Amino acid sequence: MSLWWRDVISEGTYLGNHTLAVQRGLNLGIGLFIASEALFFLGIFWAYFHSSLSPTIEMGAHWPPMGIQSVNPFELPLLNTILLLSSGVTVTYAHHSLIKGDRKGALIGTVYTVILAVIFTLFQGIEYNVSSFTISDGTYGSCFYFATGFHGVHVIIGTAFIAVGLWRIYAYHVTDNHHLGFEGSILYWHFVDIVWLFLYVGLYYWGS
């Protein structure tokens, strides 16, 4: 990732290689990457709902399986939902500020986005630490931790992506009409937001 960012920054900022055709190609690449990630999460949700809608006798014909105390969706998960959706608002504010030429607004919005993302990740770690079940607790534990953990990895990558965008705004690398990398990070972050909404409704609320 570091080497890729190094190349993209040097090509787009200093070498002038990001022509309209190159920008279209990069946008297409980001779009296809997000689509592939969406299909990956679709597979995770498929496994989860396949097991939960018709739990087999091996799982006690009950969901959640007997002996597993699911996470209360109205405690830490709800707070994390508010944090992540708020980060989507702040990054959108930063984007619109950048388009309007408001550098200060873009910096403030991006800083708040990174802070909210870090807090979300910390709270997710706390949730794992206090949870009464583990990834080895049957299908429920496997699906829950795989889905939320894989999403957590996406949050960490997205946080790094936006942090690089923050540094580029601070270093005057971007303009109001040329900030392809920052736009890519915003698209990725909105994808992370949407996936979390499905996770919250499906795994935390309905699944409990």
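Anything mentioned here points back to the structure above.
Residues numbered from 1 in each chain as written. Predicted model: local features only at pLDDT ≥ 70, side-chain atom pairs only at ≥ 80, totals over all residues. Heavy atoms only, no water.

Draft legend 1. The arrangement of the overall build of the chain in detail. When helices and strands are tallied, the chain shows six helices and zero strands. Dimensions along the principal axes, computed over C-alpha positions, put the chain at roughly 60 × 30 × 25 Å. Relative to its 208 residues, the chain shows a buried fraction of 44%. Taking the contacts inside the chain whose residues are at least 6 apart along the sequence as the reference set, 78% of them involve residues at least 24 apart. Accessible surface computed for the chain: about 11,100 Å², of which carbon and sulfur atoms make up 70%. Seen as two clouds, the 6 positive and the 11 negative side-chain charges of the chain have centres 19 Å apart. (Helix = DSSP H or I, 4+ residues; strand = E, 2+ residues; numbered from the N terminus. Buried < 20%, exposed > 50% of the residue type's maximum accessible area, 1.4 Å probe, protein only. Contact = heavy atoms within 4.5 Å. Areas by Shrake-Rupley, 256 points an atom, 1.4 Å probe, with all protein chains shown as cover. Lys, Arg positive; Asp, Glu negative; His and termini not counted. Charge placed at Lys NZ, Arg CZ, Asp CG, Glu CD.)

Draft legend 2. Expanded view of the packing of helix α2 (residues 20–53) against helix α5 (residues 138–170). It is the contact of α2 with α5, at a shortest axis distance of 9 Å, that shows an interaxial angle of 160 degrees. Relative to α5, the element α2 lies roughly antiparallel. As for the relative orientation of α2 and α5, their crossing is left-handed in sense. In this structure, α2 contributes E37, F40, F41, I44, A47, Y48 and S51 to the contact, and α5 contributes T139, Y140, C143, F146, A147, F150, H151 and H154. When grouped by side-chain class, the residues that make up the contact of α2 with α5 number ten nonpolar, four polar and one charged. (Axes fitted to C-alpha atoms, helices over the stretch in contact; angles between N-to-C directions. Parallel < 35°, antiparallel > 145°, perpendicular 65-115°, else oblique. Left-handed = near helix turned anticlockwise from the far one by under 90°. Nonpolar A, V, L, I, M, F, W, Y, C, P; charged D, E, K, R; others polar.)

Draft legend 3. How the structure looks around empty space enclosed by the protein. Taken as a whole, this structure holds one cavity of 30 Å³ or more when the rule is applied. As a volume, the largest cavity reaches approximately 60 Å³. Residue lining of the largest cavity: V8, G12, T13, H18, R168, V174, H178, H179, L180 and G181, and that is the complete set. Only α1 (2–15) and α6 (180–206) provide two or more residues apiece to the lining of the largest cavity. Here the lining of the largest cavity gets three residues from one element, more than from any other, and that element is α1. Here the lining of the largest cavity is built from residues that sort into three nonpolar, six polar and one charged. (1 Å grid on protein atoms, 1.4 Å probe; cavity = no way out; pocket = protein on both sides within 12 Å on 5 of 7 lines; lining within 4 Å. Points joined across faces, edges and corners; volume = space filled by probe spheres on them.)

Draft legend 4. Looking closely at the layout of surface pockets. Considered as a void within the structure, the largest pocket measures approximately 380 Å³ in volume. Sorting the residues of the lining of the largest pocket by element identifies α1, α2, α5 and α6 as the ones contributing at least two each. Residue composition of the lining of the largest pocket, by class: 15 nonpolar, four polar and one charged. By volume, the second largest pocket amounts to about 190 Å³. Surrounding the second largest pocket, Q69, S70, V71, N72, E75, L76, P77, E127, V130, S131, S132 and F133 form its lining. Breaking the lining of the second largest pocket down by element, the ones donating at least two residues are α3 (76–99) and α4 (103–130). Across the lining of the second largest pocket, the residue classes break down as five nonpolar, five polar and two charged.

Draft legend 5. Expanded view of unusual backbone geometry. In the segment running from W63 into P64, the intervening peptide bond is cis, with an omega of -5 degrees. The residue P64 is located in the loop between α2 and α3 in this model. We note that Y172 has phi near 60 degrees; this positive angle belongs to a residue other than glycine. Structurally, the position occupied by Y172 is in the loop between α5 and α6. You can call Y172 exposed: its relative accessible area is 61%.

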